[in-house]
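Close look at the chain arrangement
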Amino acid sequence: MKRILLCLTAVAMLITGELLAQERTISGKVTSSEDGSPLPGVNVVIKGTTSGTVTDIDGNYRVSTTQGDGTLVFTFIGLQTLEVEMGSRSTIDVQMSSDIRQLNEVVVTGYGERERNSFTGAFSNVGAEAIQNKPFATVEQALQGNVAGLQLAASSGTPGAVQNIRIRGVSSLTASNEPLFVIDGVPVISGSNNRDVINETGTADLGVLASINNNDIESITVLKDASATALYGARGSNGVIIITTKRGQAGTPTLSFSAQTGFVSRAVKGPKMLNSAQWQELQYESLINAGYAADLDEAAALVADPSNGLPQWNGQTNTDWRDVVANDDAMTHNYDLSMRGGSDKSNYYASLGYFKQDGINIGSNMERITGKLNYNNQLSKKLNFNTSLTGSYLLQNGQLEGSAYYGNPDAAYLFMLPIDRAYNDDGTPNIDNLSTSNFNPVFIAQNDINRRIQSRILNNTSLSYEILPKLKYTTMIGVDYVVTEELYYRNREHGDGVPTQGRSDSYYNRNFNWDWKNMLDYSWKVNESNKFDFKFVYESQKNRYFTMGAGGYGFAANGLVYPETAGTPDNVSSYTTDWSINSIMALVNYTYKGNIFLDATVRREGNSRFAEGNRWGTFYSFGASWVFSDEAFMESTKNWLTSSKIRASYGVTGNAGIPLNAFQPLLDYTGSYNGRPGIYPSQYGNPDLSWESSATWNIGLDVELLERITGTVEYFNRRNYDLLLEVPLSYTTGFENQYQNIGEMVNKGWEVTLNADVLKAAEFKWNIGVNFTSLKNEVTDLPKDANGNEIGPSGTTYKVSTGQPAFAWYMPTWAGVDSDTGSPLWFVQGKSGELTSNWRQAGYSFQGTPTPTFFGGLTNRFDYKGAYLSASIYYSTGNEVYDTWAGYTQSDGRYAFNGVANAYARQYDRWQKPGDISENPKNVFGNPSLSANASTRRLYDGTYLRLRDITVGYNLPSAWVSKIGFKSLDVYVRGNNLYTWIKDSKLEFDPEVDADGFIDLNAPALRTLAIGLRGSF
């Protein structure tokens, strides 16, 4: 019996010991070894287990273990990994130090990662903090002002619209200038998935990248020069933007959430227009100045006579059409929920997101739902599996824009008269008593449809196998599948659909893109001083686009909006296009003593856009870098010069960004003759068409001072030659133009990026960052016709010519107003000398460039205990912008008083009598002077500075939030585009216009003011 009791006692003691072991908790605080400040977000894991946690906002952590002994592993990007034996301690406080070597391992290329020191190319990196929780409908918008050398111009302020991006200037005249986008290693569809012919509807394009949730992004890397982009061959000729999404991490799961809501309005209000009293005063005056009336009484009688058909004010109505079309209740909402966790062998990240943003004009908005799953598993010591899956659903209700469409709300406040009522007495939109041809935008917003629905699945899956300790094989396949449905309906009661009793067009577009990479990596360490790294790649990419559409007119009743219910179907169409790329590539990196690096890349690429004999091109780059701060002779500088590197590169890439089948002579089968089907030649073709080429030099200096200041200075020179140029043909050919490889252009300039921790005290921190770019673009060679005249793209306001920037402004020079007669004046030649009041005698001259020549960003962030303030500014100068529609709204009486358009309020400052010094000429009804024709009168200095982002927030102390089960909680207020300074006092439009420099009738940039909450538990 005693033996049994003894055994039972022993078992009980063992069980008790196990229970006690299970209850053991270790806690502590993680701080910085540099200033003692707490470090939030540090992973704390018990080595060899999945047990772990993440430090809270105050650097505190708490983990439970059943082990008597063990090791805690502390990890964080940019800090040295720390392993501490637990022993019998219950409290373990640690300090972590910066890992300069790890900080250098941050360059993501899409084909793997490269140590920053060994990377010889030009790149910029934007972290998650500058991207997440920003009220941007498209992720590209977060790049403005954060990347040296990158210019972003919103083609439209409609939520979800395509953004125009240029990296280091204009690279081509008529071929593509758009960069390549890569998401988690997969070259993806960008731009728009809408059917091309839909541009005729006048609605903003819906960008494919609007399907990406900003809060899923870990970082964005922008590759700029040939050494950095040579990996992508011709696809990277205009730069590469690599988006890396968030991954899992070892430790206990962390659930994070964020919620944001706010208000939306115009960033720049726009030009003031004449009110009703001003309009009537100028109307009467214009009739007198034109000789139709002798005095005000006669002018009033002339207007009152209905047989003259002139607009007439009732003395009461004074409508501001900009207020009418404004969506006063415009809001933005963003909600996200994510979870990440894992072990030392596998990890995951999963998220759900919802985003909705109203446009600033009635009837426009965008709504998006996203889901994401990233999973990584080390299946064995040699085999690793990784997959990334993103799904999204997006709906955009757009508006007519881009031109003076009668239903365009942004045209309404310029063209509709203040003397007209917006609403009837019963509250319904006024559609019967309007003085101009424009439609009431309220009725159009309520009854017309401009809808796009986009669904997207994006997946990247890879397997890596370590064949030998230094030899690894990786296969990666990426799939991007985008489906867009479009519906455009014009109602039958008021607007464009009235002549046909309504009209409807519907389209279904399917875009399937896949990319398959097979990579072999080999590392050969010759000795302690010499090392080679080799990468061999075979890559294949194919894209297939299918579209089908139908349309019709004549609807028997309201509420019928699809072509199926049209009385007269008149549009059935369908077609498919495809293109493919095959390539092989070799990359070698040589390292000498860990601080001298050489690399070379060669890529042989074939593209189906060219004829078989010209389909293949060879692209290459060479680069070198030297971390001279590691040399012995620099030892005396170690106390202030933390790191310094000089690098240089040269390379040649190609550009194939032209329409498909441009090399082929084509026939069109849609013709008819005498009621029978017909065939006619539609494209001349050019079987000799080949790659546009780009040769780029880049020299850079990277430094770090006092472990506080980092900086990069770069000079670049990019020569684009054998341009893919649309060259006009002789009319005897029967064709207008033909793509040819001819012409040359140069972009060169400087980039500077600086970042400094001005203060790094334990409780107060101040960081400042600045970047700027100086850019010069010049066309250096163009084809010539039989008479020796240059052949290049040109228009009534611009011209491409050697010695000038691409698409340089070219027009007569405005010389003001003749103070004696009130006549408009222009210079006969150039910008000075003889004057003329006859526009046809005015001489044309070059007037500047639509492309900014100096631009950049400035950021500041202040942290005090848990509170923080951050602000960023974007600035741009050196360019001019042109008011496309001032020919109507600044016409000095030609169009303002006969039912065509209203006029800028600035027209009130006009010449009235001899000796007057005024902005505008004499106000004459039906003015024949052509004073509003193309000239520098309509050209403005495009210089501006914008408060791009300002955020004030507070991280609640962990002692507070832990009581309600949270690890961290942050509340903030954020404003975007709150203030814009415009240098040219006469420019009342938003100066951030499309890349071509034209001020068009598009929805302007948005201003947002939002409050947000984010946290984790």
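If you look the chain up in an unreviewed UniProt entry, it shows as TonB-dependent receptor from Chryseosolibacter indicus. Recorded in UniProt under Sequence similarities (unreviewed entry), the annotation for the chain is "Belongs to the TonB-dependent receptor family." Comment text from UniProt for the chain, heading Subcellular location (unreviewed entry), reads "Cell outer membrane".

On to the overall build of the chain, then. Looking only at helices and strands, one finds 10 helices and 51 strands in the chain. Along the first, second and third principal axes, the C-alpha atoms of the chain reach 130 × 65 × 65 Å. Taken over 1017 residues, the chain has a buried fraction of 54%. When the accessible surface of the chain is split by element, carbon and sulfur atoms take 55% of a total near 43300 Å². Of the charged side chains in the chain, 83 are positive and 104 negative, and the gap between their average positions amounts to 8 Å.

Attention shifts here to the sheet that holds strand 10 (residues 123-127). Read across the sheet, 5 strands follow the order 10-15-16-13-14 without closing on themselves; strand pairing throughout is mixed. The open sheet has two edge strands with one neighbour each: strand 10 and strand 14 (186-187).

The subject of this paragraph is the packing of aromatic side chains. Inspection of every chain in the model, using the stated rule, returns 43 aromatic pairs. Their ring planes at 55° and their centres at 5.9 Å tell us that W279 and F897 sit as a pair that is tilted. Residue W279 is found in helix 4 (residues 276-289), and its partner F897 is found in the loop between helix 9 (886-889) and strand 47 (939-941); the two are separated by 618 residues along the sequence. As far as burial versus exposure is concerned, W279 and F897 are alike and both buried. A ring pair is formed by Y620 and F622, whose centres lie 5.8 Å apart and whose planes are at 55°; its orientation type is tilted. The exposure class assigned to Y620 is partly exposed, which follows from its relative accessible area of 29%.

Turning our attention to the UniProt feature "domain: TonB-dependent receptor-like beta-barrel" (unreviewed entry) in the chain. This chain's UniProt record puts "domain: TonB-dependent receptor-like beta-barrel" (unreviewed entry) on residues 396-978. For residues 396-978, the helix share is 4%, the strand share is 54%, and the end-to-end C-alpha distance is 25 Å.

A separate point is the side chain of Q163. Within the secondary structure, Q163 is located in strand 12 (residues 163-167). Taking the relative accessible area as the measure of exposure, Q163 reaches 5% and is therefore buried. Polar side-chain contacts of Q163 include one of 2.9 Å to the backbone oxygen of A161. Discounting residues that sit within four places of it in the chain, Q163 has contacts with T138, E140, Q141, L152, A153, A154, S156 and E178.

Let us look at the environment of D863. Relative to the helices and strands, D863 is located in strand 44 (residues 854-864). For the pair D863 and T475, spaced 388 residues apart in sequence, the C-alpha to C-alpha distance is 44 Å. Excluding its chain neighbours within four sequence positions, the residues that come into contact with D863 are E763, F764, K765 and Y868. Within the structure, the side chain of D863 is placed 2.9 Å from the side chain of R861, a separation counted as a polar contact.

Glancing now at the domain arrangement of the chain. Partitioning the chain into domains gives domain 1 (2-99) and domain 2 (139-248 + 329-355 + 364-552 + 581-683 + 695-807 + 849-884 + 941-1016). Of note, the centres of domain 1 and domain 2, computed from C-alpha atoms alone, are 45 Å apart. With 11 residues of domain 1 at the contact, the number on the domain 2 side is 14 residues. A buried area of about 920 Å², summed over both sides, lies between domain 1 and domain 2, and 49% of it is on carbon and sulfur atoms.

Formed by 26 residues in total, the largest nonpolar core has its most connected members in L414, F415, L987 and F989. Take this core: its biggest share by element is 5 residues, from helix 7 (residues 409-415). Beyond its immediate sequence surroundings of up to four residues, L987 is in contact with V881, Y940, D941, I982 and I999. Counting 23 residues, the second-largest nonpolar core is a separate cluster that includes V186, L209, I217 and V222.

Here the focus is the packing of helix 4 against helix 5 (residues 296-304). At a minimum axis separation of 9 Å, helix 4 and helix 5 run at an interaxial angle of 105°. One element, helix 4, and the other, helix 5, form an angle in the roughly perpendicular class. Mapping the contact onto sequence places Q283, Y284, L287 and I288 in helix 4 and L296, A299, A300, L302 and V303 in helix 5. Among the residues forming the contact of helix 4 with helix 5, the class breakdown is 8 nonpolar, 1 polar and no charged.

On to the pattern of salt bridges. A side chain with one charge can pair with a side chain of the opposite charge if their charged atoms come near. Enumeration according to the criterion identifies 44 salt bridges in this entry. E129 is the partner of R1014 in a salt bridge, and the nearest nitrogen-oxygen pair spans 3.6 Å. Of this pair, R1014 sits in strand 51 (residues 1006-1016) while E129 is found in the loop between strand 10 and strand 11 (150-154), placing the two residues 885 residues apart along the sequence. Among the residues examined, R1014 registers a relative accessible area of 16% and is labelled buried. The exposure class of E129 is partly exposed, given its relative accessible area of 40%. Linking D570 and R503 is a salt bridge whose minimum nitrogen-to-oxygen distance equals 2.9 Å. Residue D570 is found in strand 26 (residues 568-592), and its partner R503 is found in strand 24 (residues 503-525); the two are separated by 67 residues along the sequence. Here the salt bridges do not stand alone but share partners, grouping R168, K224, K645, R647, D702, E714 and E751 into one network.

Positive phi, close to 65°, is recorded for N661, a residue that is not glycine. In this structure N661 comes out as partly exposed when scored by relative accessible area, which is 35%. Not every positive phi belongs to a glycine, and L930 is a case in point at roughly 60°. You can see L930 is positioned in the loop between helix 9 and strand 47.

The sheet contact formed by strand 17 (residues 251-266) and strand 51 spans 11 bridges and is antiparallel. Looking at strand 51, one finds that R266 is bridged to L1006. Two strands pair when backbone bridges link them, and strand 49 (residues 968-982) and strand 51 are joined in this way by 9 bridges, in the antiparallel orientation. If you follow S968 over to strand 51, its bridge partner there is S1016.

Attention shifts here to a negative patch on the surface. A cluster of acidic residues, D320, D323, D328 and D329, forms a negative patch on the protein surface. Within the secondary structure layout, D323 lies in helix 6 (residues 321-325). D323 gets classed as partly exposed once you look at its relative accessible area, which sits at 46%.

Strand order across the open sheet formed by 3 strands is 47-46-50, with mixed pairing between neighbours. Each edge of the open sheet is held by one strand with a lone partner, namely strand 47 and strand 50 (998-999). The pairing of strand 46 (residues 880-883) with strand 50 spans 2 bridges and is parallel. Residue pairing for strand 50: Y882 is matched across the bridge by F998.

Rules of the game
Residues numbered from 1 in each chain as written. Predicted model: local features only at pLDDT ≥ 70, side-chain atom pairs only at ≥ 80, totals over all residues. Heavy atoms only, no water. UniProt positions renumbered as here; feature names shortened; annotations may be inferred. Helix = DSSP H or I, 4+ residues; strand = E, 2+ residues; numbered from the N terminus. Buried < 20%, exposed > 50% of the residue type's maximum accessible area, 1.4 Å probe, protein only. Areas by Shrake-Rupley, 256 points an atom, 1.4 Å probe, with all protein chains shown as cover. Lys, Arg positive; Asp, Glu negative; His and termini not counted. Charge placed at Lys NZ, Arg CZ, Asp CG, Glu CD. Pairing = 2+ DSSP bridges. Phe/Tyr/Trp six-rings, centres within 6.5 Å; stacked < 30°, edge-to-face > 60°. Polar contact = N/O pair within 3.5 Å; in protein donor to acceptor, adjacent residues only side chain to side chain. Contact = heavy atoms within 4.5 Å. Domains from an automatic or database assignment. Buried area = accessible area lost by both parts, 1.4 Å probe. Core = buried A, V, L, I, M, F, W, Y, C linked by side-chain atoms within 4.5 Å. Axes fitted to C-alpha atoms, helices over the stretch in contact; angles between N-to-C directions. Parallel < 35°, antiparallel > 145°, perpendicular 65-115°, else oblique. Nonpolar A, V, L, I, M, F, W, Y, C, P; charged D, E, K, R; others polar. Salt bridge = Lys/Arg side-chain N within 4 Å of Asp/Glu carboxyl O. Patch = residues over 30% accessible without salt bridge, like charges linked within 9 Å, V, L, I, M, F, W, Y side chains within 5 Å.

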